[in-house]
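# Notes for the structure review
Chain by chain, the residues run as shown.
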Amino acid sequence: MSDFEPELHNYYDIEQLLKRFGIYVYLGKRLWDIEMTSAELQKLHQANLINDHLYARAKIVLRHEHEAELKRMENNEEGD
């Protein structure tokens, strides 16, 4: 990867990063998408295609998105 390091603030930013490597994730459920995205990022990191800092930042964002999605799911179940 070049010296340019993208800003990662949300899930969309991480999707754009993965697209640079030809990786598109869509499993039909947002929680599953987040989990698969995390696995794909780990593969990119292990292959030294993304650096430690970028990987760590992406994992923080994904953890936040995962927790937020779990809360959304809990709130939807309570409303039923």
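First, a word on what this report is: a plain description of the structure on this page. (Residues numbered from 1 in each chain as written. Predicted model: local features only at pLDDT ≥ 70, side-chain atom pairs only at ≥ 80, totals over all residues. Heavy atoms only, no water.)

## Comments concerning the pattern of salt bridges
Applying the stated criterion across every chain, the model contains three salt bridges. A salt bridge links glutamate 65 to arginine 30; the shortest N-O distance between them is 2.7 Å. Here glutamate 65, found in helix 3 (residues 52–79), pairs with arginine 30, found in helix 2 (residues 30–46); they are 35 residues apart in sequence, far enough to count as distant. The partner of glutamate 69 in a salt bridge is arginine 30, and the shortest N-O contact between them spans 3.6 Å. Placement of glutamate 69 in helix 3 and of arginine 30 in helix 2 is noted, with a sequence separation of 39 residues between them. Bridged by salt links that share partners, the residues Arg30, Glu65, Glu69 and Arg72 form one connected network. (Salt bridge = Lys/Arg side-chain N within 4 Å of Asp/Glu carboxyl O. Helix = DSSP H or I, 4+ residues; strand = E, 2+ residues; numbered from the N terminus.)

## Describing the nonpolar core
Counting 16 residues, the largest nonpolar core has Leu8, Ile14, Leu18, Leu41, Ile50 and Leu62 as its most contacted members. For this core, the secondary-structure elements that each account for two or more residues are helix 1 (11–19), helix 2 and helix 3. Residue contributions to this core peak at five residues, all from helix 3. Setting aside chain neighbours within four positions, we find isoleucine 14 in contact with Leu8, Thr37, Leu41, Ala58, Val61 and Leu62. (Core = buried A, V, L, I, M, F, W, Y, C linked by side-chain atoms within 4.5 Å. Buried < 20%, exposed > 50% of the residue type's maximum accessible area, 1.4 Å probe, protein only. Contact = heavy atoms within 4.5 Å.)

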